[in-house]
Amino acid sequence: MRKLPVLAILLAFALLVTACGDDDDAATTAAPETTAAPETTAAPETPAAPETTAAPETTAAPETTAAPAWEPLYDGDLTIGYVLPSTGGLAVIIDALVKPIEMAFAEIEAAGNTNIVVIPTDSGTDAAVASASVEQLINDEVDIILGPAGTGVSLSVIDRITGSEIPMCSPSNTGAIFTTYDDGGYYFRTAPPDNLQGQVHADLIAEDGASSVAIAYRSDEYGLGLATAVKDQLEASGVTVAEFIEFDKDGTSFDAEAAQIAAAGVDAISLIPFAEGAAFVQALIEAGVGPADVQLYVADGFKDNVGAEAIDPNNVAVLDGVRGTYPSLAPPDGEATFVERLMAFAPDTPTIFSAHSFDCATVMVLAAEVAGSTNSVDIAAAVNGVTGGGEKCSSYATCHALLQQGVDIDFEGASGPLDFVEAGEPGAGAYDLFT
C-alpha cells in the first residue's frame, strides 16, 4: 500500500450532489438517495481491481482489446500545452496532475494516435508565472491548453486564453465563479464546482453534531467560494457560524486569526487553505484550539498539501481526528481500472484530482476527433458533446473505435460520467469523506 503523505484515511464514503440549472442558474441540490455508496468504504487510494494487473506499458483499459485498426480522424498534429504548478503552493501535487496526463497520452499513443505534440509549462500559484507560460503557449500556436490548477491563477489568465479562442480544460478548478463566467464557450473543467462540495462539507459538520462553527479561508476565489457555500449550507441546517474569517493566502503567521477563533468558543472549525494550512494549524495549537481540542474540518486544498510532519515533525499524530471532504478519486460510477493503471504507470503518485486530470486530457483529444479538426474553435464546439448523448465508452481506444464507425460517443471518465452541462463542467460531483 502506498504511504499516504497527509492523513491516514480511516473511513471514506462516496457522496453525490447534483447541480441544477444552466449558466444563469447555479443553484444546487443534494441527492439524498445517493449520498452513501457502501461499496466505496475502502480508502480511495486502494480500490485496485484485481482482474486488471496491467504493467505500465499496457495501460489501456481492458475493453479496448477488440478495437479495429486505428485510423486518424483529424489531419496533422494536435498541439496541447499544459499550465500546471511545478512551483508554488500547489507544487506538492504536481505529479497528481501531470502523471495522469502523461498516462492518458501514453494510452492514446498505444492505441495508434501518434499525432499529438505536448508542451509543458509552469503556472506556479502566481499570476505572473502563469501569464508568462500562457503567452509562450499562445506564441507556440497550441490548439488546446490543460490547466491551470488553482482557481485564482485561472482567473488571472482565462481572458487571455479564451480571448485567443483556445479551449482550456482545468482538472482542479473548483471555484463556483466559473459556472457563470463569460468565457465564450472556451473554458471547461472536469472538477465539480465548490458549491457542490460546500453542501457535502457542511453536512458532514452538521451531522457530527456541531452547533457553533468558525470558518477560516484563504484570500482568493477558491477560499471565498467554498467558505461561502459551507456557511450558507450550515446556516440552512440551523448551525451557527460564529466566525467567518479571511486570512492572507501569502501569510506566514496566523496568530491573530487563531486567537479570534479561540475567543469565539466554537465547537468546530472549518479551515480552507492550501499549503499555508500547516502554519495555520500550528497557530491553532498554540492558541489552545488545535485538532486535539476542537474538531477540525478541511477540504481538497488541504489534503495532499499538508502533512503532519509540516506541522510538528515530532508528533505524527498531530492530525488525528481531523475530518474532511474532497472530490472522489474513484467514485462508484467512474471507470473501474483507473487507479490500478495509474499506480502501475506512476507508483506513489499523489491522487488528488488525478482522475480529473486524466479525463481533461482524454476529453480534449476526443473533441478534436469528433470535430475532425485541430482548429481550436471547432474543438471547443465539440467538447460538451463528447461527455453525453451517445454510446457510452470509457477509454480513448474504445471511444475512437466508435467514432471511426460514425457512432456518437458519451465518454464516461475516471472521475465519473462527466455529463457536461452548458457551462462546460460536470452536472454532478462525487466526494469522499475522510478522517
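Predicted, not measured: the structure shown is a model, and the values here were computed from it.

Parameters at a glance
- Residues numbered from 1 in each chain as written.
- Predicted model: local features only at pLDDT ≥ 70, side-chain atom pairs only at ≥ 80, totals over all residues.
- Heavy atoms only, no water.
- Phe/Tyr/Trp six-rings, centres within 6.5 Å; stacked < 30°, edge-to-face > 60°.
- Buried < 20%, exposed > 50% of the residue type's maximum accessible area, 1.4 Å probe, protein only.
- Lys NZ or Arg CZ within 6 Å of the ring centre and 35° of its normal.
- Axes fitted to C-alpha atoms, helices over the stretch in contact; angles between N-to-C directions.
- Helix = DSSP H or I, 4+ residues; strand = E, 2+ residues; numbered from the N terminus.
- Parallel < 35°, antiparallel > 145°, perpendicular 65-115°, else oblique.
- Left-handed = near helix turned anticlockwise from the far one by under 90°.
- Contact = heavy atoms within 4.5 Å.
- Salt bridge = Lys/Arg side-chain N within 4 Å of Asp/Glu carboxyl O.

A.B. asks: Could you clarify how one ought to interpret the packing of aromatic side chains in this entry?
C.D. replies: Centre distance and the angle of the planes are the two values used to describe a pair of aromatic rings. This structure, assessed with the given rule, holds nine aromatic pairs. Judged by centre distance (4.7 Å) and plane angle (20°), the ring pair of F178 and Y187 falls under stacked. Taken individually, F178 and Y187 each receive the classification buried, so the pair is uniform in this respect. Ring plane angle 75° and centroid distance 5.3 Å describe the contact between F247 and F254, whose orientation is recorded as edge-to-face. F247 gets classed as buried once you look at its relative accessible area, which sits at 1%. Put simply, the rings of F178, Y181 and Y187 pair up and form one aromatic cluster. A cation sits over an aromatic face here: K231 above F244, 5.8 Å from the ring centre.

A.B. asks: What is the right way to look at the packing of helix 1 (residues 94-111) against helix 10 (residues 354-371) in this model?
C.D. replies: In a pair of packed helices, the angle between the axes and the distance between the axes together describe the arrangement. Put simply, helix 1 and helix 10 touch, their axes get as near as 7 Å, and they point 40° apart. Looking at the two axes, helix 1 sits oblique to helix 10. The way helix 1 lies across helix 10 gives a crossing that is right-handed. Of the residues in helix 10, those in contact with A96, L97, P100, I101, M103, A104, F105, E107 and I108 of helix 1 are S354, S357, F358, A361, T362 and V365.

A.B. asks: What am I meant to see in the pattern of salt bridges here?
C.D. replies: A side chain of one charge can pair with a side chain of the opposite charge when the charged atoms of the two come close. Per the stated rule, a full pass over the model turns up 13 salt bridges. One salt bridge connects D250 with K249, and the closest N-O pair in it is separated by 3.3 Å. Of the residues examined, D250 reaches a relative accessible area of 58% and is grouped as exposed. Judged by its relative accessible area of 27%, K249 is partly exposed. K392 serves as the salt-bridge partner of E412, at 3.7 Å between the closest nitrogen and oxygen. Placement of the pair is E412 in the loop between strand 14 (409-411) and strand 15 (428-434) and K392 in strand 13 (residues 391-393), with a sequence separation of 20 residues. Given the relative accessible area of 16%, E412 is considered buried. Classification of K392 by relative accessible area gives exposed; the value is 54%. Within the structure, one salt-bridge network assembled from shared partners comprises E107, E335 and R341.

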